[in-house]
Structures are given as structure tokens and as C-alpha cells.
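# Secondary and tertiary structure notes
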Amino acid sequence: MTIAFTYFFRDMQTLEMIRDYVIPELRSRRYIHIWDAGCAMGPEPYSLAIVLRENMGMTFRNVKIHATDIDSSNLFGDIIKKGIYPREMVQRIPGPILSKYFSPSDEPEHFRISDEIRRSVDFTKNDLLDLKPIRKGLNLILCKNVLLHFKEEERIEVLKMFYDSLEGGYFATEQTQKIPPEMQKHFEPVVANAQLYRKVD
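My aim in this report is to walk through the structure given alongside it, one point at a time. Bear in mind the structure is a predicted one, so any value in this text is a computation, not a measurement. (Residues numbered from 1 in each chain as written. Predicted model: local features only at pLDDT ≥ 70, side-chain atom pairs only at ≥ 80, totals over all residues. Heavy atoms only, no water.)

## Overview of unusual backbone geometry
One non-glycine residue, Asp71, lies in positive phi territory at about 50°. Here Asp71 is to be found in the loop between strand 2 (63–69) and helix 3 (76–82). On the basis of relative accessibility, which here comes to 2%, the residue Asp71 falls in the buried class. Within the chain, Leu131 stands out as a residue other than glycine whose phi angle is a positive 60°. Inspection of the secondary structure puts Leu131 in the loop between strand 6 (121–125) and strand 7 (138–143). (Helix = DSSP H or I, 4+ residues; strand = E, 2+ residues; numbered from the N terminus. Buried < 20%, exposed > 50% of the residue type's maximum accessible area, 1.4 Å probe, protein only.)

What follows is the structure, given as C-alpha cells:
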């Protein structure tokens, strides 16, 4: 079975948007719940966790990232729990960040992410088309490279679920994915030309 290749800090634009527009609001919250829907082997939620840690300081201890994937391989959960990744997946990480949050693993040419970052991410299997959210009261939902595989009516139903799961929070998706007309009154763009949206109550 082929597992889609991914790597850390793959989409810097989205991470920078979250840093600039979402984190300032999250800092004031006692508990912060984030859903990364379609997390694959974990580089995306862990990249997000590192950005949050770098920009939130000790407030980061209030963050829980709920990482989910349909995971037909049955491998993602173990990989994310161990937090060990090969060199080619971490080589794009800036040197100071790599040395701060990763250490060499016993396995040659592999690196293990720090315990603090690992503890912030929980993985569970989830099929978005079941329309069962992992929880309510979410502050941010990140869903990239998933919705484009769904039919238009399926995308709308998933976006409705996301809307109901957010507590005045934010939704980020891939750059090629537009909000369907039926859902545009529910999500407003935070800035032009970037797929970061704020829930409209």
C-alpha cells in the first residue's frame, strides 16, 4: 500500500496565517482545541504544534490538537504516537527549530520529536463522511488535501459539520479549495487570497 509522502512545514503560508491571525485570539482562552482532519502520518499537526509553541509560550500547555485520518493503512496512529521521522521528512525544518524540537533517534537517519510536542497531539481514526465530529467547541479546524476528493454535496455536508463544531473559531483549507456558495454565509475570509476563514455566528 502506498502512503502519500508528506513532510514538516509543507505549507508555510497557512502556518504563517494561523500564527498572525489565529494565535493572538487563542492566547486568551483557557483551553484550546484544534482538529486536524486528514493528518496522514503527523507532520502537519506536529508542524502546527511547533508554530503554536514558538508563539504562545507557556500558554501552549492549554493546547490539544486532535489529529484524525481515515488511515486505511492502520499505520498512522503508531507513527504519530512514536513521533519518529526519517531525515527526508524533517530536512526542510530550519536548523534552530530542528535542534530545539527534535533529537536523533536510535534508528539511523531518523529523528524523534520532543515529548512536549508529542503530548499536544492525539490521533484517532475518523472518516469525515460519517459526519461525526471529534468534539464540539473547537477553536480551529485544519482540513487540507481532503475535501477536493469529495463530491460537491459531500463537501457541503462536511463543512456544515465543521461549522457546528467550531466555537466562534477558524477554518483553514488547501489553497485550491473554495468555500461552496451554499456555505459562504457561514465562513468569512480572514484575508484575501488565503484559505483561512472565520466562523460567522
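## Quick notes on the nonpolar core
Membership of the largest hydrophobic core comes to 46 residues, with the highest contact counts inside it found for Phe8, Leu48, Leu52 and Phe102. When residues of this core are assigned to their parent elements, the largest contribution, seven residues, is made by helix 2 (residues 43–56). Apart from the residues within four sequence positions on either side, Phe8 is in contact with Pro43, Tyr46, Ser47, Tyr85, Met89, Val90, Arg92, Ile93, Phe102 and Ile113. (Core = buried A, V, L, I, M, F, W, Y, C linked by side-chain atoms within 4.5 Å. Contact = heavy atoms within 4.5 Å.)

## Let's talk about the sheet that holds strand 3 (residues 84–86)
What links the strands of a sheet is backbone hydrogen bonding, and the strands pair in either a parallel or an antiparallel sense. Read across the open sheet, the three strands follow the order 3-5-4; overall the sheet is antiparallel. At either end of the open sheet lies a strand with only one pairing partner, and these are strand 3 and strand 4 (102–104). Averaged over all adjacent pairs, the angle separating strand axes in this sheet is 35°, with direction ignored. The pairing of strand 4 with strand 5 (residues 110–113) spans three bridges and is antiparallel. Pairing of Ser103 across the sheet is with Arg112, part of strand 5. (Pairing = 2+ DSSP bridges. Axes fitted to C-alpha atoms, helices over the stretch in contact; angles between N-to-C directions.)

## What to know about the pattern of salt bridges
Counted according to the given criterion, the structure contains 14 salt bridges. One salt bridge in this structure joins Glu167 and Arg29, with 3.6 Å as the shortest N-O distance. Placement of the pair is Glu167 in strand 8 (residues 166–173) and Arg29 in the loop between helix 1 (12–26) and strand 1 (32–37), with a sequence separation of 138 residues. Taking the relative accessible area as the measure of exposure, Glu167 reaches 44% and is therefore partly exposed. Relative accessible area serves as the criterion here: at 25%, Arg29 is assigned to the partly exposed category. Residue Arg118 pairs with Asp115 through a salt bridge whose shortest N-O separation is 2.5 Å. Of this pair, Arg118 and Asp115 both sit in helix 6 (residues 115–119), three residues apart, which is roughly one turn of the helix. Since its relative accessible area comes to 18%, Arg118 is described here as buried. A relative accessible area of 36% means that Asp115 is categorised as partly exposed. Through salt bridges with shared partners, a single network forms among Asp11, Glu44 and Lys144. (Salt bridge = Lys/Arg side-chain N within 4 Å of Asp/Glu carboxyl O.)

## Section: the packing of helix 1 against helix 2
The contact between helix 1 and helix 2 brings their axes to 10 Å, and the two run at 50°. Of the possible angle classes, the one that applies to helix 1 and helix 2 is oblique. Our pair here, helix 1 against helix 2, has a crossing hand that is right-handed. Seen from helix 1, the contacting residues are Leu15, Ile18, Arg19, Ile23 and Leu26; seen from helix 2, they are Ser47, Leu48, Val51, Leu52, Asn55 and Met56. (Parallel < 35°, antiparallel > 145°, perpendicular 65-115°, else oblique. Left-handed = near helix turned anticlockwise from the far one by under 90°.)

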